[in-house]
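Chains, contacts and geometry: an overview
Here is how the chains run, residue by residue.
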Amino acid sequence: MTDSKYFTTTKKGEIFELKAELNSDKKEKKKEAVKKVIASMTVGKDVSALFPDVVNCMQTDNLELKKLVYLYLMNYAKSQPDMAIMAVNTFVKDCEDPNPLIRALAVRTMGCIRVDKITEYLCEPLRKCLKDEDPYVRKTAAVCVAKLHDINAQLVEDQGFLDTLKDLISDSNPMVVANAVAALSEIAESHPNSNLMDLNPQTINKLLTALNECTEWGQIFILDCLANYTPRDDRESQSICERVTPRLSHANSAVVLSAVKVLMKFMEMLPKDLDYYGTLLKKLAPPLVTLLSAEPELQYVALRNINLIVQRRPEILKHEMKVFFVKYNDPIYVKLEKLDIMIRLASQANIAQVLAELKEYATEVDVDFVRKAVRAIGRCAIKVEQSAERCVSTLLDLIQTKVNYVVQEAIVVIKDIFRKYPNKYESVIATLCENLDSLDEPEARAAMIWIVGEYAERIDNADELLESFLEGFHDESTQVQLQLLTAIVKLFLKKPTETQELVQQVLSLATQDSDNPDLRDRGYIYWRLLSTDPVAAKEVVLAEKPLISEETDLIEPTLLEELICHIGTLASVYHKPPSAFVEGSRGVQHKRLPGSTESGESESPDTASAAAVSDAPPAVIPSQGDLLGDLLNLDLTPPTTTGPPPPASSGMQMGAMDLLGGGLDSLIGAGFGAPPAAMPASFSAPVSGGLDDLFDLGGGVGMPMGAYSAPKTVWLPALKAKGLEISGTFARRSGVIQMEMTLTNKAMSVMTDFAIQFNRNSFGLAPAGPLQVLTPLSPNQTIEVTLPLNTVGPVMKMEPLNNLQIRAP
Amino acid sequence: MSASAIFVLDLKGKVLICRNYKGDVDMSEIDHFMPLLMQHEEEGLLCPVMSHGNVHFMWIKHSNLYLVATTNKNSNASLVYAFLYKLVEVFTEYFKELEEESIQDNFVVVYELLDELMDFGFPQTTDSKILQEYITQEGAKLEVAKSKVPTTVTNAVSWRSEGIKYKKNEVFIDVIESINVLVNANGSVMSSDIVGSIKLKTMLSGMPELRLGLNDRVLFGLTGRDKGKTVMMEDVKFHQCVRLSRFESDRTISFIPPDGESELMSYRINTHVKPLIWIESVIEKFSHSRVEIMVKGGKEFLMRAHFGLPSVENEEAESKPPITVKFEIPYFTVSGIQVRYMKIIEKSGYQALPWVRYITQSGDYQLRTNV
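Remember, it's a predicted structure, so these values are computed and weren't measured experimentally. (Residues numbered from 1 in each chain as written. Chains lettered and ligands numbered in written order. Predicted model: local features only at pLDDT ≥ 70, side-chain atom pairs only at ≥ 80, totals over all residues. Heavy atoms only, no water.)

As for the overall build of chain A
- Regarding its fold elements, chain A presents 35 helices and five strands.
- Relative to its full complement of 809 residues, chain A shows a buried share of 58%.
- Contacts in chain A between residues at least 24 apart in sequence constitute 66% of all its contacts with a sequence separation of at least 6.
- In the structure as shown, chain A presents an accessible area of about 34,200 Å², 51% of it carried by carbon and sulfur atoms. (Helix = DSSP H or I, 4+ residues; strand = E, 2+ residues; numbered from the N terminus. Buried < 20%, exposed > 50% of the residue type's maximum accessible area, 1.4 Å probe, protein only. Contact = heavy atoms within 4.5 Å. Areas by Shrake-Rupley, 256 points an atom, 1.4 Å probe, with all protein chains shown as cover.)

Focus: the overall build of chain B
- In terms of helices and strands, chain B carries eight helices and 20 strands.
- Along the longest, intermediate and shortest principal axes, the C-alpha atoms of chain B span 75 × 65 × 40 Å.
- Across the 371 residues of chain B, 55% fall into the buried class.
- With the model as given, the accessible surface of chain B reaches about 16,900 Å², and the carbon-plus-sulfur share is 52%.
- Side-chain charges in chain B split into 41 positive and 49 negative, and the spacing between the mean points of these groups amounts to 10 Å. (Lys, Arg positive; Asp, Glu negative; His and termini not counted. Charge placed at Lys NZ, Arg CZ, Asp CG, Glu CD.)

Some thoughts on the packing of aromatic side chains
All names here are of chain A.
- Taken as a whole and assessed by the stated rule, the structure comprises 24 aromatic pairs over all chains.
- When the centroid spacing of 4.9 Å and the interplanar angle of 40° are considered together, the rings of tyrosine 70 and phenylalanine 91 count as tilted. Here tyrosine 70 is found in helix α4 (residues 63-76), whereas its partner phenylalanine 91 is found in helix α5 (residues 81-94), with 21 residues between them in sequence.
- With relative accessibility at 1%, the residue tyrosine 70 sits in the buried group. (Phe/Tyr/Trp six-rings, centres within 6.5 Å; stacked < 30°, edge-to-face > 60°.)

With respect to helix α19 (residues 351-362) of chain A
- Under the 1.5 Å per step criterion, the end-to-end length of α19(A) is 16 Å for 12 residues, consistent within 8% with the ideal 16 Å.
- Along α19(A), the residues classified as buried are A:Ile351, A:Val354, A:Leu355, A:Glu357, A:Leu358, A:Glu360, A:Tyr361 and A:Ala362.
- Buried residues belonging to α19(A) abut α18 (332-345), α20 (367-383), α21 (388-400) and α22 (404-420) of chain A together with β9 (189-203) of chain B. (Expected span 1.5 Å × (residues − 1).)

With respect to the confidence of the model for chain A
All names here are of chain A.
- The predicted model of chain A averages 81 in pLDDT, with 81% of residues at 70 or higher.
- For chain A, per-element mean pLDDT is lowest for helix α33 (residues 627-632), which scores 34, and highest for helix α15 (residues 253-266), which scores 98.
- Note on residues 597-706: pLDDT is under 50 here. Beyond four places in sequence and across chains, it has 149 contacts. (pLDDT = per-residue confidence, 0-100.)

Digging into the interface of chain B and chain A
- On the chain A side, the residues contacting the 87 residues of chain B number 102 residues.
- Taken over both partners, the interface formed by chain B and chain A buries close to 8,300 Å², and the fraction arising from carbon and sulfur atoms is 56%.
- Between the two partners, chain B and chain A, sit 10 salt bridges.
- In this assembly, chain B and chain A are joined by 37 residue pairs in polar contact (both at pLDDT 80 or more).
- Here the element with the most residues in the side of chain B that touches chain A is helix α2 (residues 77-95) of chain B; it accounts for eight residues.
- Classifying every residue of the side of chain B that touches chain A by side-chain character gives 37 nonpolar, 28 polar and 22 charged. (Buried area = accessible area lost by both parts, 1.4 Å probe. Salt bridge = Lys/Arg side-chain N within 4 Å of Asp/Glu carboxyl O. Polar contact = N/O pair within 3.5 Å; in protein donor to acceptor, adjacent residues only side chain to side chain. Nonpolar A, V, L, I, M, F, W, Y, C, P; charged D, E, K, R; others polar.)

A short note on the sheet that holds strand β2 (residues 15-20) of chain B
All names here are of chain B.
- Across the sheet, five strands lie side by side as β2-β1-β5-β4-β3; this open sheet has antiparallel pairing. Bordering the open sheet on either side are β2 and β3 (49-52), each of which pairs with just one other strand. Neighbour-to-neighbour, the strand axes of the sheet open up by a mean angle of 20°, direction not taken into account.
- In terms of strand pairing, strand β4 (residues 55-62) meets strand β5 (residues 65-71) through seven bridges, oriented antiparallel. (Pairing = 2+ DSSP bridges. Axes fitted to C-alpha atoms, helices over the stretch in contact; angles between N-to-C directions.)

A word on the sheet that holds strand β19 (residues 339-345) of chain B
Residues and elements named next belong to chain B.
- Ordered by their spatial adjacency, three strands build an open sheet running β12-β10-β19, and the pairing between neighbours is antiparallel. Strands at the two margins of the open sheet, each flanked by one partner only, are β12 (253-255) and β19. Between one strand axis and the next, the sheet turns through 15° on average, direction left out of account.
- Relative to β19, strand β10 (residues 209-214) runs antiparallel, the two being bridged by six bridges. When the sheet's bridge partners are listed, leucine 210 is paired in β19 with isoleucine 344.

Focus: the environment of A:Lys712
All names here are of chain A.
- Within the element layout of this structure, lysine 712 appears in the loop between α35 (685-699) and β1 (713-716).
- You can call lysine 712 partly exposed: its relative accessible area is 32%.
- The spatial distance from the C-alpha of lysine 712 to the C-alpha of threonine 729 is 4.8 Å, given a sequence separation of 17 residues.
- With near-sequence residues (within four places) excluded, lysine 712 lies in contact with Ser727, Gly728, Thr729, Glu740, Met741, Thr742 and Glu784.

Considerations on the confidence of the model for chain B
All names here are of chain B.
- Model confidence for chain B is summarised by a mean pLDDT of 89, while 92% of its residues fall at 70 or above.
- Here residues 139-145 scores under 50 on pLDDT; set against residues more than four positions off or in separate chains, the count is six contacts.
- Reported confidence for the predicted complex is 0.93 by ipTM and 0.80 by pTM.

A few points about the packing of helix α17 (residues 296-312) of chain A against α2(B)
- Here α17(A) crosses α2(B) at 170°, and the two axes come no closer than 9 Å. Relative to α2(B), the element α17(A) lies roughly antiparallel. Counting all contacts with α17(A), which are made through A:Pro296, A:Glu297, A:Leu298 and A:Val301, the residues of α2(B) involved are B:Ala77, B:Ser78, B:Tyr81, B:Ala82 and B:Tyr85. (Parallel < 35°, antiparallel > 145°, perpendicular 65-115°, else oblique.)

A closer look at the environment of A:Glu426
Residue and element names in this part refer to chain A.
- Structurally, glutamate 426 can be placed in the loop between α22 and α23 (429-434).
- Exposure remark for glutamate 426: the relative accessible area of 6% places this residue in the buried category.
- Ignoring sequence-local partners within four residues, the contact set of glutamate 426 consists of Phe418, Tyr421, Tyr455 and Arg458.

Structural notes on unusual backbone geometry
All names here are of chain A.
- With a phi angle near 60°, asparagine 423 is a residue other than glycine that sits in the positive phi range.
- Within the secondary structure, asparagine 423 is located in the loop between α22 and α23.
- Judged by its relative accessible area of 58%, asparagine 423 falls in the exposed class.
- Notably, histidine 575 is not glycine yet its phi reads approximately 60°, a positive angle.
- By secondary structure assignment, the location of histidine 575 is in the loop between α31 (570-574) and α32 (605-613).

Considering the pairing of β2(B)
All names here are of chain B.
- In this structure, strand β1 (residues 5-10) lies alongside β2, joined through five bridges in antiparallel fashion. Each bridged residue has a counterpart across the sheet, and for valine 8 the counterpart in β2 is isoleucine 17.
- Turn length for the β1-β2 hairpin, with the two strands adjacent in sequence and antiparallel, is four residues, and the turn residue glycine 13 shows positive phi of about 95°.

Points about a positive patch on the surface
- A cluster of basic side chains, namely B:Arg211, B:Arg225, B:Arg340 and B:Lys343, defines a positive patch on the protein surface.
- Along the chain, B:Lys343 turns up in strand β19. (Patch = residues over 30% accessible without salt bridge, like charges linked within 9 Å, V, L, I, M, F, W, Y side chains within 5 Å.)

Thoughts on the packing of α20(A) against α21(A)
All names here are of chain A.
- Between α20 and α21, whose axes approach to 8 Å, the crossing angle comes to 155°. If you check the angle between α20 and α21, you find them roughly antiparallel. Our pair here, α20 against α21, has a crossing hand that is left-handed. In contact with Val374, Ile377, Cys380 and Ala381 of α20, α21 contributes Ala388, Cys391, Thr394, Leu395 and Leu398. (Left-handed = near helix turned anticlockwise from the far one by under 90°.)

Things to note about a nonpolar patch on the surface
- Nonpolar side chains collect at one region of the surface, where B:Phe172, B:Leu353 and B:Trp355 lie side by side and expose about 280 Å² of accessible area between them.
- With respect to the helices and strands, B:Phe172 occurs in strand β8 (residues 170-183).

Here we look at the nonpolar core
- Counting 288 residues, the largest nonpolar core has A:Tyr72, A:Leu317, A:Phe418 and B:Leu113 as the members making the most contacts within it.
- For this core, the leading source of residues is α2(B), giving 13 residues.
- Contacts of A:Leu317, omitting those with residues within four sequence positions, involve A:Ala285, A:Leu288, A:Val289, A:Ile306, A:Val310, A:Phe324 and A:Leu345.
- In terms of nonpolar packing, the next biggest core, distinct from the first, is built from 44 residues, B:Leu200, B:Leu214, B:Ile269 and B:Ile344 among them. (Core = buried A, V, L, I, M, F, W, Y, C linked by side-chain atoms within 4.5 Å.)

A few points about a negative patch on the surface
All names here are of chain A.
- Judged by side-chain charge, Glu464, Glu467, Glu471 and Glu501 come together as a negatively charged surface patch.
- If you trace the backbone, glutamate 501 turns up in helix α27 (residues 496-511).
- The class for glutamate 501 is exposed, based on a relative accessible area of 67%.

Concerning the pattern of salt bridges
Residue and element names in this part refer to chain A.
- Summed over the entire model, instances satisfying the criterion amount to 51 salt bridges over all chains.
- For the salt bridge of lysine 19 with aspartate 53, the shortest nitrogen-to-oxygen distance reads 3.0 Å. Taken together, the positions of lysine 19 in helix α1 (residues 14-22) and aspartate 53 in helix α3 (residues 51-56) put the pair 34 residues apart, joining distant regions of the chain.
- For lysine 19, a relative accessible area of 33% corresponds to the partly exposed category.

Structure (structure tokens):
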């Protein structure tokens with residue numbers, strides 16, 4: 001007879017009947033009734049009305065019945081807190097039962113009843129159970145401390161349970177040690193500043209001893225705890241590594257990954273010339289490869305982590321390319337991850353094999369996988385120069401298949417190949433142009449437009465091609481609009497005679513008919529540039545572009561370090577720091593890898609790890625879709641940084657800021673010619689100074705202070721203002737925009753009562769405080785006045801402000 | 001650290017049974033699971049981790065069930081998946097088959113097991129043989145046995161109980177090697193490896209100490225013996241019972257075995273394997289309605305198949321499944337691995353017989369076709 005019969009009682013007055021059965025004298029009938037109650041609970045029926053009757057069954061020597069009643073209590077105690085108190089006595093009694101199974105069951109269940117009133121009654125039984133003679137009870141009690149802490153942290157501290165828990169780390173039973181470690185880690189995680197796990201060499205030694213003897217799960221708790229420890233020196237680091245490496249041979253993948261985490265972290269402290277360092281590197285590869293024979297979900301976690309590991313220590317898996325070859329029956333999430341790792345491992349030595357595989361994948365049917373495979377071919381071309389030609393011809397073959405999404409992906413990557421190897425593969429442009437009509441994805445359209453604009457002089461009908469895109473300008477995505485604007489300007493600069501109308505058209509579409517500020521701004525910049533100084537425009541727009549970097553999609557080094565500390569966890573799967581997806585963890589300190597002791601004793605820990613960071617490949621390109629990245633994806637400012645990102649503690653943001661700062665620098669530098677003194681003369685001087693500065697303001701939050709500000713120029717000659725001469729400039733000091741003016745009284749009489757009024761302007765510039773002029777201003781006297789500004793004033797949408805009206809008193 | 005709650009769902013996403021371990025994730029969050037899964041599936045972006053708000057779902061599928069763990073912390077994901085698979089293993093050993101029906105038929109035991117397997121998100125005892133000693137399906141019958149915690153639960157030897165008795169002491173050793181091969185359409189071997197597994201069926205009394213000797217090249221190297229007929233194992237994985245530190249230091253495989261059947265170890269060998277079975281295939285699509293497939297296997301078989309097909313054609317491109325080969329060769333290991341000895345020592349001093357069997361079989365044996 002199976003339990004399913006209990007689900008079938010759906011008669012009328014069921015609750016009433018159950019009530020009667022629960023109160024029956026017969027043991028068997030009672031038990032049957034409780035099973036029916038639990039069955040109802042399982043299918044989601046509300047049986048809370050039976051609370052007192054079920055609790056009445058609690059005092060029984062039948063273990064199975066007792067477990068069911070406890071289960072019921074866990075489910076309904078919260079909704080019936082007053083009645084839950086009824087159960088307390090039995091719990092307390094059960095905690096002293098001669099049978100350790102019952103003692104453990106009672107303390108385990110009590111901790112799961114999240115009712116405040118009950119918790120205080122829990123303390124005494126818990127204290128006893130923590131010292132129980134049976135390890136089964138002690139290990140259960142250890143976990144109960146974490147439960148109680150979750151309900152009432154203060155109570156746990158006041159009762160001294162934390163100290164008892166710490167004592168359990170020295171328990172003779174390895175399972176008790178493991179659970180105590182798990183409980184302490186859990187508590188420490190929710191109270192990051194409690195300094196609960198003050199790990200020292202003695203406790204570490206105890207943990208390492210327990211590691212050999214506890215269950216596989218216990219091994220994971222201990223390894224995860226060890227990973228939070230920072231060894232004092234490289235010798236301690238090595239000795240811990242030596243005792244952790246045997247875990248790499250455990251059949252449980254989770255044990256292996258947690259061991260890898262400890263080793264990857266502690267390895268940072270080992271001098272690279274140490275023999276042991278090399279040995280350890282060699283030991284890591286085989287277990288990582290074996291993880292790929294695990295169940296698909298575990299493979300996925302492993303692959304996401306391997307992705308991090310190959311970025312941090314490429315040498316570990318550099319000879320293992322083949323194991324990442326995709327199998328026909330791999331789930332799609334495994335296929336995509338393998339592909340990603342294949343690209344990271346691609347090198348001159350294995351490129352032929354990799355390409356053959358990628359070509360195979362590109363003819364598969366799974367759209368996402370095929371797309372990624374095509375993209376991968378492009379990335380190989382960029383990464384391994386010797387293979388570029390073969391990659392390009394492979395891509396051309398793929399374009400011939402005319403499979404729409406393949407063609408589009410191919411065009412996107414060919415654009416990048418052009419950027420990396422200029423003047424080498426342009427012969428393929430004709431083939432690309434044949435596919436113009438089939439492109440319906442923004443990224444592919446933008447790439448194609450870029451190619452047409454960039455190579456306009458080689459494409460006879462470039463104007464026709466671009467014009468065809470222009471018809472539906474407003475329906476295009478921003479990416480395409482921006483690209484089209486730039487491409488047509490390029491075309492105009494290359495073939496000015498035939499394309500004047502076209503450029504007029506696009507400039508007017510971008511500036512007058514668009515609500516998109518990026519598009520408008522870019523439109524205006526081009527417009528001014530073209531109308532004031534076509535030669536400069538040519539220098540700017542057609543400037544030689546820096547080559548794009550080899551490695552793309554690298555994780556920013558500081559983040560990578562943090563993620564290495566989280567190997568095996570969700571953070572390592574998402575490639576995001578825990579603070580990005582765990583509520584309430586924002587204040588928590590980000591984990592860092594320990595610095596190598598090799599890099600100098602006098603260095604502070606921070607600089608030491610910075611030195612370690614710079615071992616990582618240097619260039620970082622923000623991933624696609626990143627707004628900043630997109631912004632920078634303008635042709636004017638390729639998203640390339642060279643050299644290591646600043647080793648600042650908040651490196652992630654800093655990296656992005658730096659990119660932006662750099663980008664703007666070159667935008668401004670290139671846009672207005674550096675040094676700025678050489679600005680186009682016809683450009684209204686005072687405003688250009690302001691504009692320059694505004695650009696700085698617009699995004700350069702991360703720019704160094706004391707950035708350039710234009711020299712003061714005369715805004716108002718004395719002749720026009722009854723003898724008051726005003727010269728000035730805009731500057732940013734300590735992050736505040738300021739209007740700095742020099743007022744000179746060139747009249748014969750004293751001037752008083754100065755005031756300033758800002759017209760409504762495009763930038764919302766307005767005074768942040770009153771104009772303070774020490775009046776009166778005597779004849780021939782000059783004073784410096786600084787007026788702080790902000791940009792929260794009323795904005796008037798119009799062509800950027802280019803004249804200043806100054807009213808003299 | 002790991003799971004906040006565990007759910008067992010049917011194919012429609014209805015909760016069959018669940019257990020709330022931590023109480024920090026609302027149990028009704030599971031209602032988002034199925035819609036999320038369907039959305040991911042539609043987008044072709046199926047993924048073992050999904051999130052809704054700040055709740056993360058880690059899931060696996062087994063027969064007509066979904067096993068789902070929820071969390072709102074930075075959980076150890078590999079632990080969660082390993083645990084979910086362990087659940088499947090334990091339930092399967094308890095109920096023979098794990099499916100919707102067996103969950104309903106045994107809900108009382110399932111609750112008991114869920115209570116014992118994990119506490120506050122920490123996996124506890126998960127060895128089903130030991131669990132069966134104190135969590136039984138016939139509750140009433142074994143009341144006496146259940147009134148005690150088996151010491152095994154907290155022993156360092158947590159996989160074997162004391163007091164086991166057999167009349168005849170024997171241990172059966174199966175060495176099974178699976179060959180994984182990936183052959184390209186042009187006939188070149190892209191990748192190949194051997195995954196071996198040594199399985200035990202232990203029928204030994206008491207607490208025997210076992211030592212397994214293999215022709216392991218590293219071991220022979222350590223002891224300075226001739227490495228002629230040895231095997232280089234790239235990576236080795238052991239059952240919880242094997243003393244890993246001992247293996248690490250002198251390559252000795254020593255252990256107290258679990259009773260009955262278990263997988264003692266697995267290994268991976270990277271050496272280039274010459275494919276044991278070779279297949280050539282020619283697939284021709286003549287028109288919309290005829291496909292000819294010719295498969296030539298080894299020296300002896302030739303298969304020629306014509307398919308007359310309806311002249312309707314699928315709009316979408318077809319996938320190109322490779323030819324997969326399944327085979328089994330008894331009394332043979334492709335790597336040449338050998339069990340040199342199995343020493344069995346028990347304090348009662350009985351004589352025990354080890355039996356060894358070797359099998360080679362196909363693993364992931366795929367030959368891509370030329371379509």
